[in-house]
Amino acid sequence: MIMEELIENLKKQIIEALNLEDLAPEEIDADAPLFGDAGLGLDSIDALELILILERDYGIKVAPGEGKEVFKSVKTIADYITAHRQ
Amino acid sequence: MARQWEGKSRGGSFGYKVFIWLLRHIGLEATYLLLCLVVLYFIPFAPRQTRSAWVYSRTILGYGRMRASWFLVRSYFAFGKSIIDKVAIGSSMEDRFSFEFENHRMMLDLIESGKGYVAIGAHVGSWQMGAPFFGKYGSRINVVMYDHERQAVKKVLEDHVQEDSFKIIPIADDGISHVFEISNALRNGELVCFQGDRYMNEDRYLTAEFMGHDAKFPRGPFLLASRLRVPVVFYFAMRERGRRYRFHFFAPGAPGASGVQNDGRPLREEELFTQYVKSLETMVRRYPEQWFNYYDFWNIYSSGKRNS
C-alpha cells in the first residue's frame, strides 16, 4: 500500500472509531497534531482507540515508550506502520 | 466550589513521616492511641473534609445528629488507622495483622493465567494492604494514580520502608502517555489497578445511582477494560475488628470467567460499570466508616443544593 493510500485509510478509520462523522478525511491534516489544542484535540480515551486500530487492523503493537511519538499525527502513525509491517 | 475531586489527598508526605517515626519508636498500639489526638484535631481543622463526612453521614447514611457526630470520629479514626497499617505493612509488620480472603481462588487463577487483567477498586478500606500478597505470585502490579502528591508519598515510603511491590503509572500531564503504559502493561500480562471512584475529566464520566443518590464515576477504567478485552475484578481490602483485613474480590460476568458474559463475549463498558457500582455499594453499606472520599462526592452542597 502506498503512503497516500495508507494515510487516507487511517483518516477514515480514525473518523469511524472516534465517531467524528462530521469531519471529512480531507479536513484532517496528516501532519497536524492529533492531541492537544492545536490539532484534532483528542484525549486519552481516543488514544486507546488509536492503539486498537494499530493492533486490530495492522497487527502492530507499539513498543513501550514510543506511543507518544508514534501517535503524534496521522503521518507519524503511517510511518510507523510502514516501518513495522511484515 | 468544584464538586469533583481536585487532585489533592489530605496528609501528604509530612504526615507519613510522622507515622513512620512513631511506629518505629513507640510501637503500633501507642501510635493508634496518638491517632485519637490527631482525629480530634482534624474535626475542626479540616473543615472541608469534616463537612463532606457530615453530609455523607446525615444525607447518604441517614444518621441523626448524635449518631453522625460519633460517626465523624469513627470515620477519621478508620482513615488514620488505614494509613498507620499501610506503613506498618511496608515495615514488615505483617504478623501484627490477620488476613481473610473471599473469592481468593478466582483471583489466584487470574494471576496464574499470565494474562493481563484489570482490578478496579475505590477509596474505601486500604487496597495497598494486598500488595504483598499479589507480589508473591510474581505478577507485576501497576497502580494508576492521579496526583503528584501521591507520588511524593510513594517516594517517602520508598525512602523509609521496604521496597513496595507495585509500580505507579501516573496520569500524565499531557493526558495521553499513561494510556500507552497501561496498554503495554496489560499486553505484557501484568495487572493494572484503577480506583474507579474519582474522575478528573469533566467530559468522560458515567452516572449511576449509588447509595440512593446520583453520582459520577470515571469512564476510563471501564471503557479501557472492555475495549482491550481483558479480565476484570473488583477489589476491596476492608479492615475489621482485631486488626483483621478482609479482601473482597468480585467477578463481574459469568462465574469463574471474570469480565466475560455467559456466552464468552467480553462485558460491555456499561455492564462492567453497573456491576462495579453494585459491588462498591455492598462494601460501603457493610463498612460505612471506611468511605474515604472526603469531598462532595454526590454533589449535594457544592452546586448550591440543600446542605444538611
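Residues numbered from 1 in each chain as written. Chains lettered and ligands numbered in written order. Predicted model: local features only at pLDDT ≥ 70, side-chain atom pairs only at ≥ 80, totals over all residues.

Topic: the pairing of strand β6 (residues 205-210) of chain B
All names here are of chain B. Both β6 and strand β7 (residues 213-218) contribute to a ladder of six bridges, which runs antiparallel. From the neighbouring strand, L206 faces β7, where its bridge partner is F217. In this antiparallel pair of consecutive strands, β6 and β7, the connection spans two residues, and M211 shows a positive phi of 60°. (Pairing = 2+ DSSP bridges. Helix = DSSP H or I, 4+ residues; strand = E, 2+ residues; numbered from the N terminus.)

Points about the packing of helix α9 (residues 220-227) of chain B against helix α10 (residues 269-286) of chain B
All names here are of chain B. Close contact between α9 and α10 brings their axes to 8 Å; oriented N to C, the two are set at 130°. In terms of their interaxial angle, α9 and α10 are classed as oblique. Relative to α10, α9 is oriented so that their crossing is right-handed. Residues F222, L223, A225 and S226 of α9 touch α10, and the partners they reach there are E269, L272, F273 and Y276. A breakdown of the residues in the contact of α9 with α10 according to their chemical character gives six nonpolar, one polar and one charged. (Axes fitted to C-alpha atoms, helices over the stretch in contact; angles between N-to-C directions. Parallel < 35°, antiparallel > 145°, perpendicular 65-115°, else oblique. Left-handed = near helix turned anticlockwise from the far one by under 90°. Contact = placed C-beta atoms within 7 Å. Nonpolar A, V, L, I, M, F, W, Y, C, P; charged D, E, K, R; others polar.)

Focus: the pairing of strand β2 (residues 117-121) of chain B
All names here are of chain B. Burial analysis of β2 places five of its five residues in the buried class, which makes it a mostly covered element. By the alternation rule, side chains of β2 split into Y117, A119 and G121 and V118 and I120, which are all buried. As judged from the five bridges shared by β2 and strand β5 (residues 191-195), these two strands associate in the parallel manner. Each residue of the ladder has a partner; that of I120, found in β5, is F194. Of the strand pairs in this sheet, β2 and strand β8 (residues 232-240) are connected by three bridges, and their pairing is parallel. The residue bridging V118 from the neighbouring strand is V232, located in β8. (Buried ≥ 20, exposed ≤ 12 C-beta atoms within 10 Å, placed from the backbone.)

Brief notes about the sheet that holds strand β9 (residues 244-250) of chain B
All names here are of chain B. One open sheet accounts for seven strands, arranged β1-β9-β8-β2-β5-β3-β4; its pairing is mixed. If you trace the sheet from one side to the other, it starts and ends with β1 (98-102) and β4 (167-170), each paired once. The sheet shows a mean angle of 25° between the axes of neighbouring strands, direction not considered. As judged from the seven bridges shared by β8 and β9, these two strands associate in the antiparallel manner.

A few points about the environment of L280 of chain B
Structurally, L280 of chain B is set in helix α10. In this structure L280 of chain B touches A122 and D197 of chain B, once residues within four positions along its chain are discounted.

What to know about the confidence of the model for chain A
When the pLDDT values of chain A are averaged, the result is 90; 98% of them are 70 or greater. When pLDDT is averaged over each helix and strand of chain A, the minimum, 90, is found for helix α3 (residues 67-70) of chain A and the maximum, 95, for helix α4 (residues 74-84) of chain A. (pLDDT = per-residue confidence, 0-100.)

Description of the interface of chain A and chain B
Contacts between the two partners involve 13 residues from chain A and, on the opposite side, 14 residues from chain B. Elements supplying a minimum of two residues to the side of chain A that touches chain B: α2 (44-58) and α3 of chain A. Of the residues that constitute the side of chain A that touches chain B, the class distribution is eight nonpolar, two polar and three charged.

Some words on the environment of L54 of chain A
Inspection of the secondary structure assignment puts L54 of chain A in helix α2. Residues L54 of chain A and L42 of chain A lie 12 residues apart in sequence; the distance between their C-alpha atoms is 16 Å.

Some remarks on the environment of Q290 of chain B
All names here are of chain B. Checked against the element boundaries, Q290 lands in the segment after α10. Along the chain, Q290 and S126 lie 164 residues apart, while their C-alpha atoms are 8.6 Å from each other. Setting aside anything within four residues of it in sequence, one finds Q290 in contact with A78, V124, G125, M238 and R239.

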